[in-house]
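Fold and geometry: a report
Take a look at the letters that make up each chain.
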Amino acid sequence: MPGIDECLLDVMRLPGARGAAVVDWTSGLALGTIGDSPNGDHEATAAETAEVARMAAEQPAFARLSPADGDRPPGEPPGPPVEDVIVTTHDGYHMLRFVVTAFDSSVFLHLWLNRSEGNLALARMRLGELAERLVLA
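All of the points below concern the structure found in this document.

Within the structure shown, the criterion is met by 2 aromatic pairs. Seen from their ring centres, Trp-25 and Phe-98 are 6.2 Å apart, and the 80 degrees between their planes marks the pair as edge-to-face. Highlighted residues: Trp-25 in the loop between strand E1 (17-24) and strand E2 (29-35) and Phe-98 in strand E4 (residues 92-98), separated in sequence by 73 residues. According to the relative accessible area criterion, Phe-98 is buried, its value standing at 3%. Between the aromatic rings of Phe-98 and Phe-108, the centroid separation amounts to 6.2 Å while the plane-to-plane angle is 45 degrees, which identifies the pairing as tilted.

Structure below.
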């Protein structure tokens, strides 16, 4: 199971990956970063993307409980209220993938993908796999 650094290295192997980060959406702090940042400052980008993640996760229109939440086995942690958020720009994609952990986690993976070189569907599937395997210590 990969830690933060290994996870970020794997993310950067995606075609078109420009930069990535693991971010705590409650504090806006970057727990790890790699590659470029859209505004040249990884910490500022982490704080800005945390605002988007927090808005999506806390809004009832997006974060309503699904009927399956009551069917969760005892002891299994609840999943994040939102699976992922995708923002498109004229030259790129920003994907925020929430990470499920055994504790009350508020962590997500942020991938910045070049629009002309990247494959959004592939990136979404791969980021989901990495989020499931990520170990946060």
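A separate point is the side chain of Asn-114. Relative to the assigned elements, Asn-114 resides in strand E5 (residues 107-114). A polar contact is formed between the side chain of Asn-114 and the side chain of Ser-116, at a distance of 2.8 Å.

With that settled, the discussion passes to helix H2 (residues 42-58). End to end, H2 covers 24 Å across 17 residues, agreeing with the expected 24 Å (1.5 Å per residue, within 8%). Buried within H2 we find Thr-45, Ala-46, Thr-49, Ala-50, Ala-53, Arg-54, Ala-56 and Ala-57. What you see down the axis of H2 is that its buried residues fit within an arc of 165 degrees, all on one side. For H2, the capping residue at the N-terminal end is Asp-41, with a side-chain oxygen 3.0 Å from the backbone nitrogen of Glu-43.

Attention now goes to the packing of helix H1 (residues 4-11) against helix H4 (residues 120-133). At their nearest, the axes of H1 and H4 sit 11 Å apart, and the two run at 170 degrees to each other. Relative to H4, H1 is oriented roughly antiparallel. For the pair H1 and H4, the contacting residues are Cys-7, Asp-10 and Val-11 in the first and Arg-126, Leu-127, Leu-130 and Arg-133 in the second. For the contact of H1 with H4, the residue count by class is 4 nonpolar, no polar and 3 charged.

Here we take up the sheet that holds strand E3 (residues 84-88). Within the open sheet, the 5 strands sit side by side as E2-E1-E5-E4-E3. Their pairing is antiparallel. The open sheet has two edge strands, E2 and E3, and neither has a second partner. Adjacent strand axes in the sheet meet at a mean angle of 15 degrees when their direction is disregarded. One ladder, built from 5 bridges, connects E3 with E4; its direction is antiparallel. The residue bridging Ile-86 from the neighbouring strand is Met-95, located in E4.

Reading the values: rules and limits
- Residues numbered from 1 in each chain as written.
- Predicted model: local features only at pLDDT ≥ 70, side-chain atom pairs only at ≥ 80, totals over all residues.
- Heavy atoms only, no water.
- Phe/Tyr/Trp six-rings, centres within 6.5 Å; stacked < 30°, edge-to-face > 60°.
- Helix = DSSP H or I, 4+ residues; strand = E, 2+ residues; numbered from the N terminus.
- Buried < 20%, exposed > 50% of the residue type's maximum accessible area, 1.4 Å probe, protein only.
- Polar contact = N/O pair within 3.5 Å; in protein donor to acceptor, adjacent residues only side chain to side chain.
- Expected span 1.5 Å × (residues − 1).
- Arc of directions from axis to C-beta.
- Axes fitted to C-alpha atoms, helices over the stretch in contact; angles between N-to-C directions.
- Parallel < 35°, antiparallel > 145°, perpendicular 65-115°, else oblique.
- Contact = heavy atoms within 4.5 Å.
- Nonpolar A, V, L, I, M, F, W, Y, C, P; charged D, E, K, R; others polar.
- Pairing = 2+ DSSP bridges.

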